[in-house]
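Here's the letter readout for the chains.
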Amino acid sequence: MLRSTQPSTPVSWTAREDAAEAAAAILLADQPFDGPVTLTTPDAPTFADLARLASEVSGRMIGFEALGEDEWRARALAAGQDPHMVAFLLGMYQAAERGLFAGTDPLLGELLGRTPRPVRDQLS
């Protein structure tokens, strides 16, 4: 069961291997990259999409439950999660709700010279 405070917030799930490969390409590039560099997949699925994809990949039903922040926090603490980690994760959900992880950019694919790994492959 996936639990989130955000049912329909898109997040650009980017494989660490792809980000690392692109970072190496940036460091070895002949031209400089000024300012922040955005490395994302071309898609930004929602948490509900992730549950559906995880169900397809695993062959078993993976549910999704959107909770209010107070209930999510209470359940996480009751499950024994460290309070500092709970606060950190809740901050991530809040940032996602504000759309801070929804952006996509073609640069990752350009640096890789191929399509970045889609979230379906990351779940496999």
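Structure shown above.
Note on numbering: residues in each chain are counted from 1, in written sequence order. Thresholds applied to this predicted model are a pLDDT of at least 70 for local features of residues and 80 or more for the giving and counting of side-chain atom pairs; totals over whole chains, interfaces and linings are not thresholded and use all residues. As a rule here, side-chain values cover all heavy atoms of the structure and leave hydrogens and water aside.

Enquirer: Would you mind going over the pattern of salt bridges with me for this structure?
Expert: As a working rule, side chains carrying opposite charge can pair if their charged atoms are close by. Only one rule defines a salt bridge in this text: a Lys or Arg side-chain nitrogen within 4 Å of an Asp or Glu carboxyl oxygen. This model, assessed by the stated rule, comprises nine salt bridges. The closest approach of N and O atoms between Glu56 and Arg120, which form a salt bridge, is 2.8 Å. One end of the pair, Glu56, is in helix 2 (residues 47-58); the other, Arg120, is in helix 6 (residues 119-123), with 64 residues separating them in the sequence. Judged by relative accessible area, which is 43%, Glu56 ranks as partly exposed. Between Arg75 and Glu65 there is a salt bridge; the shortest N-O distance is 3.0 Å. With Arg75 in helix 3 (residues 69-78) and Glu65 in strand 2 (residues 64-66), the pair connects residues that are ten residues apart, well separated along the chain. In this text, helices come from DSSP runs of H or I with a minimum length of four residues, and strands from runs of E with a minimum of two, each type numbered from the N-terminal end. Here the term buried applies to any residue with accessible area under 20% of the maximum for its type, exposed to any over 50%, and partly exposed to those in between, with areas from a 1.4 Å probe on protein chains only.

Enquirer: Looking at this structure, I do not really get the environment of Asp43. What am I missing?
Expert: Within the secondary structure, Asp43 sits in the loop between helix 1 (16-28) and helix 2. Residue classification places Asp43 among the exposed positions, given a relative accessible area of 51%. Distance in space between the C-alpha atoms of Asp43 and Arg114 is 15 Å, their sequence separation being 71 residues. We call two residues in contact when some of their heavy atoms are within 4.5 Å. Once residues within four sequence positions are removed from consideration, Asp43 is found in contact with Val11, Ser12 and Thr104.

Any functional reading would require information that these geometric values do not contain.
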